[in-house]
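Fold and contact review
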Amino acid sequence: MHNNAKTKFKKLKWESTYNMLNPRCERKTTCVDTMRNHNSLTALEKFGLFCDSSLLINMVNVVYLAGVAVGAIVGGLAADYIGRKWVSFIACLIHGVGGLGAAFSPNYGAYVAFRFFVGSCHGILNNSVVVLSMEFVSPRRRLVSVCTLAMSWGIGMVLTTPVAYLIRDWKYLQLAVALPPFLYLGFWWVIPESPRWLLSRGRYAEAEDIVKWAARVNKKAIPEVDQLFNEHSLQITPSLSPLKIFHAPRLMARTAVMIFGWITVAISWYGLTLNQGSLDGDIFINALVLSVIDLIAYASMFIINKFGRRKTYCAGMMISALSMLTTIPVHFFADRESPSTRTAFTALYTIGKLGVSGNFSLLFMWNGEFYPTALRNFGLGLGCTFGRVAAIVSPVVMDLLGEHPVLGNTVPLILFGCMALFCALSGIYLPETAHKHLPETLEDAQNFGVKRRKSGINQDSNENAPSTFEMVS
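Everything numeric here is computed off the predicted structure, so don't read it as measured data.

Turning our eyes to something else, we now look at the overall build of the protein. Of the regular secondary structure elements, the protein holds 23 helices and two strands. Looking at the protein residue by residue over its 473 residues, the buried ones come to 56%. If you take every contact in the protein between residues at least 6 apart in sequence, the share linking residues at least 24 apart comes to 81%.

Okay, the side chain of S394 next. Within the fold, S394 resides in helix α20 (residues 376-401). Here the side chain of S394 touches A391 through a polar contact of 2.6 Å, landing on its backbone oxygen. Aside from chain neighbours lying at most four places away, what touches S394 is I267, Y270, G271 and L274.

Okay, the packing of helix α15 (residues 283-299) against helix α19 (residues 339-369) next. At a closest axis distance of 8 Å, the pairing of α15 and α19 adopts a crossing angle of 45 degrees. Between α15 and α19, the interaxial angle falls into the category oblique. Where α15 crosses over α19, the two elements pack in a sense that is right-handed. In contact with L290, I293, D294, I296, A297 and Y298 of α15, α19 contributes Y349, T350, K353, L354, S357, G358 and S361.

Core analysis: the largest hydrophobic core is formed by 68 residues, its most contacted members being L251, W262, Y313 and F360. Here this core takes eleven residues from helix α14 (residues 249-274), the largest share from any one element. The residue makeup of this core includes at least three contributed by each of domain 1 (44-207) and domain 2 (240-448). Setting aside chain neighbours within four positions, we find L251 in contact with I245, F370, Y371, P372, L442, A445 and Q446. Membership of the second largest hydrophobic core comes to eight residues, among which are V87, C92, C121 and V129.

Here T341 is to be found in helix α19. Note on T341: relative accessible area 11%, which makes it buried. As for T341 and H331, which are separated by ten residues in sequence, their C-alpha atoms are 8.6 Å apart.

Basis of the calculations
Residues numbered from 1 in each chain as written. Predicted model: local features only at pLDDT ≥ 70, side-chain atom pairs only at ≥ 80, totals over all residues. Heavy atoms only, no water. Helix = DSSP H or I, 4+ residues; strand = E, 2+ residues; numbered from the N terminus. Buried < 20%, exposed > 50% of the residue type's maximum accessible area, 1.4 Å probe, protein only. Contact = heavy atoms within 4.5 Å. Polar contact = N/O pair within 3.5 Å; in protein donor to acceptor, adjacent residues only side chain to side chain. Axes fitted to C-alpha atoms, helices over the stretch in contact; angles between N-to-C directions. Parallel < 35°, antiparallel > 145°, perpendicular 65-115°, else oblique. Left-handed = near helix turned anticlockwise from the far one by under 90°. Core = buried A, V, L, I, M, F, W, Y, C linked by side-chain atoms within 4.5 Å. Domains from an automatic or database assignment.

See below:
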């Protein structure tokens, strides 16, 4: 294949495989020939979207990521009111149906609509499943629970690359990724509702049944009935308006810092992932390597309990910031045509993504840990929503800032690096939640992590006092 065609293929954002954007292209025939030479029938060909239809191609990703943003906030509110379990399984069902609909879409409009539904369910499941897993285990096992979920995402990313390599027809590839959600529905009779949520809604009998079941499965002694729920738990407000956050200034400030963290990791992760076609080498190999990097980042989160959430977060952001900002001297002082320079750039690119990927997983756990039970899904959904909005902007950032007359293709990395540096410094303000009992009320959340003594009583002693159902997990 001609070198020019190879370059265009590397930059081609194959939507049906990686959900990528198609950048500027001069000749429609070159793109079509390139795709056909690789024996691939793509959604671009199916709907007549070639290189001169970049706006419509971009809209597929924009609508999908907009759906993720909507799902993050709407799903968070729904899970706080009707339950984590119900919302998770309903979203999973719609996710599968939307995937099947996208595979059999007769036209572009229908395909985009189905992708919106899939994206919405993606945002809902991200939050509700993470919160459900956090609320059902004790602090010492919370990390294992969330990191296992993150690693399942990483394994899925790694497996997607060989599947996409083997299944080049977009319709069959879409079917391959749409069927697994239906398998998840079989776990309805295995996965219980969150005991914390049941307590917050005053459904004490159901929560008691689940606690007894957990104690039996884990072979733990079941406390006496009158000790099953302590007085603190029974005083939980059944519901809490999100507007009540404005009455907790410390929680508001932490929310603002966390939101910027979400924006940083989302715009950086999606920007670096969607731009992997610009790296030297085969697009499938690059995708596989970056997916493995994600998996390694998620696996490394198991050290969080040893070093703490705050230290891990700040260190990851600092590593990401330094690696991406180091591309500036590489760009100005190294030989740009040298293979070693290109290798160094790719290495810095990969290390930058490593730090971002680890913190992406960390935020899902950390963000929800310092909100009260009645607002935990809302708080997580709020951060995710801002992150998803940033994700929508990331392709535009990579496209508009990807080629600078002086700084070349380092401008997006400089932007991401500066944002990560700010997060590393501002993260010091956030509370450490490792081995802490989750706050139940708004007052708990407001005082979480604040060590004060009044009349000889330690005000944050409740953080280390486990609830009854945590003792049997």
